[in-house]
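Coordinate analysis (summary)
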Amino acid sequence: MLKRIAVMTSGGDSPGMNAAIRAVVRVAIHEGVEVWGIYNGYAGMYEDNMIKLESRSVGDILHRGGTFLGTARCEVFKTLEGRQKAAENLKRRGIEGVIIIGGDGSLTGAQLLSELGIAVVGLPGTIDNDIWGTDYTIGFDTAINTVVEAINKLRDTASSHGRVMVLEVMGRNSGWIAMTAGLAGGAEQILIPEMTVNLDELCSKLSKSRDTGKKYSIVVVAEGVGSAVTIGDKIAKDTGLDTRVSVLGHIQRGGSPSVFDRILASTLAEHAVMALISGISNVLFGSKNGAVVAIDLADAIGHKRTIDTSTFRLATLLSK
Ligand SMILES: Nc1ncnc2c1ncn2[C@@H]1O[C@H](COP(=O)(O)OP(=O)(O)OP(=O)(O)O)[C@@H](O)[C@H]1O
Ligand SMILES: O=P(O)(O)OC[C@H]1O[C@](O)(CO)[C@@H](O)[C@@H]1O
Ligand SMILES: [Mg+2]
């Protein structure tokens, strides 16, 4: 049984990361295992910036967004020399395994770290929901609720002025946030990187919907599609409709985690600790049809998560 493990968060922060860290620490201590917290993701691993965590170290964080350990995007970890230095730091401290909470990039880093003799278990921590093998990532639910709140507010002002409101949401390579919040918020048009976007067609649909009596329109754009400002300019020019653009930005990455994210984080974290200390490595814990599943890490990072086309189809149908 492993006696000393570490936990870290990496990539973009997501609501629920703190809940996951708290659960890792308390489950591990309950099992008689020592836990270290690595600050700022792989940067802290590389710089040997870590601290021993006690049960009290993770008090008062369950309800907070962000990550109290800090997070980072660390370029040097992408080099073999960088990873070797990071692995040596862990070995010198007697840390045999690490729980890595992050997105697809962080999990790719985890797989490479395991090749240097460190056991790794991943937890899907990203608002993007773009990890293969799990229905939900920690933070996605909170983020989409924030987006829907924004859409609701935009509706008030859009309906008052009879405007087209274009809302840009996050998702550099993934349309999950735009699609899911678009469906829940009743967006008339949803633009995501996974689907072909035809802006001329979009403009003609917006014009036609006015002819059928729609008083205003909400267009949700995933950032990976392109700038909402450019898209808004084209809509205004081509349709003559009064158009305004909002970019939600990092507001959607913060905030107190939802109940769903807290429970997901706590449940997956317990599984991660139990697996790691019993000698299991190179797995990611996720949720499939409501049940906790262990996913081979190589599989998770080797597949691109596709969009749920039935959700996209429904969103389109309901917006007519
Ligand atoms: N191919 C790779 N090899 C080694 N390390 C990597 C690799 N890709 C990413 N990483 C490490 O993981 C960090 C985070 O990756 P990335 O910026 O892609 O975010 P992420 O984990 O996908 O999260 P999110 O997309 O939610 O922001 C990188 O800065 C780097 O330190
Ligand atoms: O501003 P940052 O930290 O580079 O992150 C932006 C990116 O991170 C994500 O929010 C995921 O955390 C992406 O959707 C977005 O493109
Ligand atoms: Mg990512």
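- The name an unreviewed UniProt entry assigns to the chain is ATP-dependent 6-phosphofructokinase, from the organism Pelosinus propionicus DSM 13327.
- Turning to the chain, the UniProt annotation filed under Subcellular location (unreviewed entry) states: "Cytoplasm".
- Heading Cofactor (unreviewed entry) of the UniProt record for the chain holds this comment: "Mg(2+)".

A word on the site of ligand 1
- Within the structure, ligand 1 sits among 18 residues, and Arg 73, Cys 74, Asp 104, Ser 106 and Thr 126 are positioned closest to it.
- At 2.8 Å, a side-chain N or O of Arg 73 approaches an oxygen atom of ligand 1.
- At a separation of 2.9 Å, an oxygen atom of ligand 1 approaches a polar backbone atom of Gly 105.
- A per-element tally of the shell around ligand 1 places helix α4 (residues 104-114) first, with 6 residues.
- Residues that form the shell around ligand 1 fall into these classes: 4 nonpolar, 9 polar and 5 charged.

A word on the UniProt feature "binding site: ADP" (unreviewed entry) in the chain
- Here the UniProt-annotated "binding site: ADP" (unreviewed entry) positions come out as Arg 22, Ala 23, Val 24, Val 25, Arg 26, Arg 155, Gly 186, Ala 187, Glu 188, Lys 214, Lys 215 and Tyr 216. The greatest C-alpha distance among the residues just named is 53.2 Å, and with 195 residues of sequence between them they are spread in space as well.
- Structurally, Ala 23 is set in helix α1 (residues 17-30).
- Assessed through its relative accessible area of 10%, Ala 23 is described here as buried.
- Beyond its immediate stretch of four places on either side in the chain, Ala 23 contacts Ser 266 and Ala 269.
- With a relative accessible area of 8%, Glu 188 lands in the buried category.

Examining the pairing of strand β11 (residues 291-296)
- Across 6 bridges, the pairing between strand β10 (residues 283-288) and β11 is antiparallel. Looking at β11, one finds that Leu 284 is bridged to Ile 295.
- Hairpin remark: β10 followed by β11, antiparallel, with 2 residues in the connecting loop; positive phi at Asn 289, about 50°.

Things to note about a nonpolar patch on the surface
- A cluster of nonpolar side chains, contributed by Val 229, Val 245 and Val 247, occupies part of the molecular surface with about 220 Å² of accessible area.
- As for its position among the elements, Val 247 is in strand β9 (residues 243-247).

Observations concerning the domain arrangement of the chain
- Per the domain assignment, the segments making up the chain are domain 1 (4-139 + 257-302) and domain 2 (141-253).
- The distance between the C-alpha centroids of domain 1 and domain 2 comes to 34 Å.
- For the pair domain 1 and domain 2, the summed buried surface comes to about 1,000 Å²; carbon and sulfur atoms form 49% of the total.
- Here domain 1 and domain 2 share 1 salt bridge between them.
- We note a salt bridge from Arg 253 to Asp 13, for which the minimum N-O separation is 3.0 Å.
- Across the contact surface, domain 1 and domain 2 share 9 residue pairs in polar contact (both at pLDDT 80 or more).
- Per-class residue counts for the side of domain 1 that touches domain 2 are 4 nonpolar, 5 polar and 5 charged.

So, how was this worked out
- Residues numbered from 1 in each chain as written.
- Chains lettered and ligands numbered in written order.
- Predicted model: local features only at pLDDT ≥ 70, side-chain atom pairs only at ≥ 80, totals over all residues.
- Heavy atoms only, no water.
- UniProt positions renumbered as here; feature names shortened; annotations may be inferred.
- Near = heavy atom within 4 Å.
- Polar contact = N/O pair within 3.5 Å; in protein donor to acceptor, adjacent residues only side chain to side chain.
- Helix = DSSP H or I, 4+ residues; strand = E, 2+ residues; numbered from the N terminus.
- Nonpolar A, V, L, I, M, F, W, Y, C, P; charged D, E, K, R; others polar.
- Buried < 20%, exposed > 50% of the residue type's maximum accessible area, 1.4 Å probe, protein only.
- Contact = heavy atoms within 4.5 Å.
- Pairing = 2+ DSSP bridges.
- Patch = residues over 30% accessible without salt bridge, like charges linked within 9 Å, V, L, I, M, F, W, Y side chains within 5 Å.
- Areas by Shrake-Rupley, 256 points an atom, 1.4 Å probe, with all protein chains shown as cover.
- Salt bridge = Lys/Arg side-chain N within 4 Å of Asp/Glu carboxyl O.
- Domains from an automatic or database assignment.
- Buried area = accessible area lost by both parts, 1.4 Å probe.

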